[in-house]
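The primary structure of each chain is shown beneath.
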Amino acid sequence: MAASEHQAIAIVGIGCRFPGGVDSPISMWKLLASGKDAMREVPGDRWCVDSMFDPDATRRGKISIREAGFIDEVDRFDAELFGISAREAAHMDPQHRVLLEVAWAAVEDAGMDPRALAGSDAAVFVGLMLQDYLAIRTSVHDRELIDGQTVVGMGGCMAANRISHAFDLRGPSVVLDTACSSSLVAVHLACQSIRSGDASLALVGGVNLMLRPEPTIAASQARMLAPDGRCKGFDARADGYARSEGAGVVVLRPLAQALAAGERIYAVIRGSAVNQDGRTRRVTLPSGRAQQEVVRVASRRAGISPGELQYVEAHGTGTPVGDPIEAQALGEVVGVEREGPACALGSIKSNIGHAEAAAGVAALIKTALALHHEQIPPHLHFRSAPEGVDLAGLGLRIPTSLEPWPATRGRRLAGVNTFGLGGTNAHLIVEGAPLPQPDLEASPSPGVAELFVVSGRTRAELDRACARLAEFLRANEDARVSLADLSRSTIERAQLGHRVACVARSRDELASLLDAYLAGESRAELVVGVVPEASVEPGEIADAELTTVSPDPAGRDEMLRALARLHVRGAATQLAASCSAGARLTSLPSYPFAGQRYWIESPRGRELRLGREQPDAAQIETPAPRAEALPQAPVAAGNIEARVREEVAEVFEMAPSKLDPDRPLASLGLDSVMALDLADAIERGFSVRLPIARILDGPSITELAAWVEAGAPASSEQGVLLRLSRPTNPRARLICFPYAGGVASVFRPWARHLPEVELWAVRLPGALDREGEQPFEEMQPLVDALLDELDKNPELLAPPFAFYGHSLGALVAHALARELEARGRPGPSHLCVAAHPSPGAAGPRELSSADELDARLSDPAFLRSIGYLDELANFASDEALIEALRPALRAAFQLQRDYHPRPEPRLACALSAYVGADDRAADEASMRGWSAYGGGFRLRRFAGGHLFLRGAATELTRALREDLGLDRGLARELGA
């Protein structure tokens, strides 16, 4: 330890997400240099500011501010990029999810593929303070939503452990909480870990999200918050701090290694120190003595005098007590016997507010960028110092505009201060990066062609990445960044499956080529490809193709085009070697992560959290049990794989069409909790119990189906009804009718969103869960048969109950409701029909006969031309599935042709119609025809196609809650 105690540590990568639209070092510096104020009014998805606000800070349960610092889309996450299932992602603390994406961006910014770190001793240190999602997920109002994933998803340790697991890092993985100093203390510990040899590289950062109002209520009650939502650090008007959120990660490695590798270095950490206030008059009162000492120790370890610092990034929260103490402490250390101009003093909190656990890393990122750009950004909201604070006498000054960095003997030196609420202080001494070594000073020749590559996990992400890069090229004309720099920076990052490669001689030409790709145009200098998972082995294609290329300068263009063709085909080539001499890394826009929403919260819990409803009327429902069939029966022989796929889709909370039957489940984020759930689901559906260890091996759906088939008992008749939930005091009963061939379990995810509803689903004859039974081709016999089955359970049709039917199920639900009224029996209180035109417009107009359907079921183009069959086109080559569905689809065609009731008499109940925005079988106009068949009519539109119910469970059940009157208290308890 002694030999490397003062080893310099380089900051080689930065990832960040902070208020003001900051999502990269580029946008962070733009915000800082322009002096932007990023504070704004509280968004409606955090809490209802109109309900919660009261300027009187003494009002209990109220908040005295309307503005703070927020980042957008904290409920969204690119789960598939990290091999995490949708189900697991929804249970993860959004702070962990944001950190994962920011860590990925930081590693790419360092010129590395995050996947290339696998198996290394890289460490992860994270500062974490509050855990709002934990409080939301474990609320007394949402106990029924707690399950086995909650434990793993909410653990604070997972903030670091998730990164280590996702990137397969083997070094220390630590989460710590010292309040506001957490992330800078994390940097200090990471430097120690590198110097001690525990790690050769570290990812260090912090995160803070404000997802519920209670912590802000507490800060408001403590009179800590500035009424205007601004941190006015070191100003006479300082009246409290402004809460903020964000995440930042820096990549650290020994300076000597970074120089040897020719890496871009933002700044160098020369020394650091951490101490504690000890006993003061109050636990929250800062100690000026301790603050002085932490700066002295850090400076001594850095081998400098504190008076050499030209800039200090201060804690600077804007409190009338803390700021004067910090200014006085800095003046006693930095300003004593100072030579030259006063030390500049600023704080990023004046731009983005106080990010609490992420405040330290935000301050470090600002300082590193200022050193990198050799400029000091303005400190906002400063007019005059507080009474009794003589900044000039202390050797300090406040920069209020962007200014050049003052040099002292050629060294650019800065300090970074952070203090924790309970007295833990941290200070870093940071220096500008050393000048490039002589062998790196070659300047690439202008006009020389360079190779550029862009990639994405999906085509959509590739398109967004290309659009971002093109926009960046037009908006940034930094003369210090050469075309070769840009080339190297696109090459030295993760190269994902969907790829674009192009050869260009200027920024404008590169931007034009990217525009051409986005417009679907072909160019000689532009190639596009998709690399399968099993790509070509290194050199296998490259050697064969490149040997024909001339090595002299005249052959450079041809060589680059050959490299581009190889790259998009997946050949492993040394792309970096194609860059011109002297090319350096530069920051580029961060990866465009897929923003899919993952959030678990009941509608009532949401209203309470937002402050729109008071908690005194809260009701706690009994958790919904797992689905049980009435009666329980073993699986019928036939297409087991399709049914296994349905079970896997439900456990992973994915659409079956998104599941490749040959893809290992381990690659989808299978964990022990999901393995247990999948074993239970298979046992319920097939009467086969598979060993948990066998499932944890991560088999494919095809392998699972083979195991199930090998262990399945002989078939017997399936039950008609599937009970999906059994609440203790149900307020309503909902009976659901699936689409043609669809299994009843497709509605099972709704139980989680409708905990007070007794949920049932009907197994239509001939569907995959009643395979082998003869489907009905006429509506009246089908309705009669269903009524006979329903009457075996008389309570099912005891009011209040409602029907939901999807596609063919909509017609069946309507026919059953009419039959009940025709027999003088109580009908449903509400009929919800989805994805099928009204009966007067029923039937696929594209088909002439059932024989045509039979003949062309295996033709993908034909299936895509039929609106309600387009999703089946993905499985046209699955002969077993097509044959299993053929009878049900043929019968559905006949049923639609058979059922043409007149609108009169109208149903006595209200009727709601639901349509997918991209549904080609039913549009809004044809769905409005349902208004003639029921009472009060409402039409709702959802994102998705014909089977939008698979991907819109949250939105769809929210609509059902409103239509059934559950949130207005209109539905009475069953049996009342």
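Residues numbered from 1 in each chain as written. Predicted model: local features only at pLDDT ≥ 70, side-chain atom pairs only at ≥ 80, totals over all residues. Heavy atoms only, no water.

The name that an unreviewed UniProt entry assigns to the protein chain is Phthiocerol/phenolphthiocerol synthesis polyketide synthase type I PpsB, with the source organism given as Enhygromyxa salina. Looking at the protein chain in UniProt, the text filed under Function (unreviewed entry) is "Involved in production of the polyketide antibiotic thailandamide." (UniProt positions renumbered as here; feature names shortened; annotations may be inferred.)

Engineer: It is not clear to me how the overall build of the protein chain should be interpreted in this structure. Could you clarify?
Structural biologist: When its secondary structure is counted, the protein chain shows 32 helices and 28 strands. Across the 976 residues that make up the protein chain, the buried fraction comes to 60%. Within the protein chain, residue pairs in contact and separated by at least 24 positions form 80% of the contacts whose partners lie at least 6 positions apart. (Helix = DSSP H or I, 4+ residues; strand = E, 2+ residues; numbered from the N terminus. Buried < 20%, exposed > 50% of the residue type's maximum accessible area, 1.4 Å probe, protein only. Contact = heavy atoms within 4.5 Å.)

Engineer: How should I be thinking about the sheet that holds strand 11 (residues 343-346) in this particular structure?
Structural biologist: Sheet strands line up and pair through hydrogen bonds in the backbone, either parallel or antiparallel. In spatial order, the strands read 6-5-7-8-1-9-16-15-10-11-13; together these eleven strands make up an open sheet with mixed pairing. The open sheet is flanked by strand 6 (173-176) and strand 13 (396-397), the only strands paired with a single partner. In the sheet, strand 9 (residues 267-276) pairs with strand 16 (residues 424-432) via nine bridges, with the strands oriented antiparallel. Among the inter-strand pairings, I269 is bridged to a residue of strand 16, identified as V430. (Pairing = 2+ DSSP bridges.)

Engineer: Whenever I open this one, the pairing of strand 26 (residues 830-834) confuses me. Can you help?
Structural biologist: Here is the key point about a regular strand: its side chains alternate between the two faces of the sheet. Counting buried residues along strand 26, five of its five residues qualify, which places the element largely inside the surrounding structure. Of the crossover connections in this fold, the one passing from strand 25 (residues 801-806) over helix 27 (residues 808-822) to the parallel strand 26 is right-handed. Here strand 26 pairs with strand 27 (residues 910-916) via five bridges, running parallel. Note that in strand 27 the partner of A834 across the bridge is Y914. (Right-handed = clockwise from strand over helix to strand, strands pointing away.)

Engineer: What is the right way to look at the packing of aromatic side chains in this model?
Structural biologist: The geometry of two aromatic rings is summed up by the distance between their centres and the angle between their planes. Inspection of the entire model under this criterion finds 18 aromatic pairs. An angle of 35° between the planes, with centres 6.5 Å apart, marks the rings of F82 and F167 as tilted. Placement of F82 in the loop between strand 4 (76-77) and helix 3 (86-91) and of F167 in helix 7 (residues 158-167) is noted, with a sequence separation of 85 residues between them. F82 gets classed as buried once you look at its relative accessible area, which sits at 11%. A relative accessible area of 3% means that F167 is categorised as buried. Taken together, a centroid distance of 5.4 Å and an interplanar angle of 70° make the contact between Y914 and F942 edge-to-face. Of this pair, Y914 sits in strand 27 while F942 sits in strand 28 (residues 937-942), and the two are 28 residues apart along the sequence. Pair check on accessibility: Y914 and F942 agree, each one buried. Ring pairs connect the aromatic residues F747, W750, Y804, Y914, F942 and F948, which therefore count as one cluster. The ring of F53 carries the charged tip of R66 above its face, separated from the ring centre by 5.2 Å. (Phe/Tyr/Trp six-rings, centres within 6.5 Å; stacked < 30°, edge-to-face > 60°. Lys NZ or Arg CZ within 6 Å of the ring centre and 35° of its normal.)

Engineer: Help me understand helix 4 (residues 94-109), please; the structure alone is not making it clear to me.
Structural biologist: Its 16 residues place the ends of helix 4 22 Å apart at the C-alpha level, agreeing with the 22 Å of an ideal helix rising 1.5 Å per residue. For helix 4, the tally of buried residues reaches 16 of 16 residues, placing the bulk of the element in the interior. Once helix 4 ends, the next one or two residues include G111, with phi positive near 80°. (Expected span 1.5 Å × (residues − 1).)

Engineer: So what exactly am I meant to see when it comes to the packing of helix 1 (residues 25-33) against helix 14 (residues 359-373) here?
Structural biologist: Describing two packed helices takes the angle between their axes plus the distance from one axis to the other. Remark: helix 1 packs on helix 14, axes separated minimally by 10 Å, with the N-to-C direction vectors making an angle of 85°. Comparing their axes, helix 14 and helix 1 come out roughly perpendicular. Residues P25, M28, W29 and L32 of helix 1 lie in contact with helix 14, whose contacting residues are I365, K366, L369, A370 and H373. Looking at the contact of helix 1 with helix 14 residue by residue, the classes come out as seven nonpolar, one polar and one charged. (Axes fitted to C-alpha atoms, helices over the stretch in contact; angles between N-to-C directions. Parallel < 35°, antiparallel > 145°, perpendicular 65-115°, else oblique. Nonpolar A, V, L, I, M, F, W, Y, C, P; charged D, E, K, R; others polar.)

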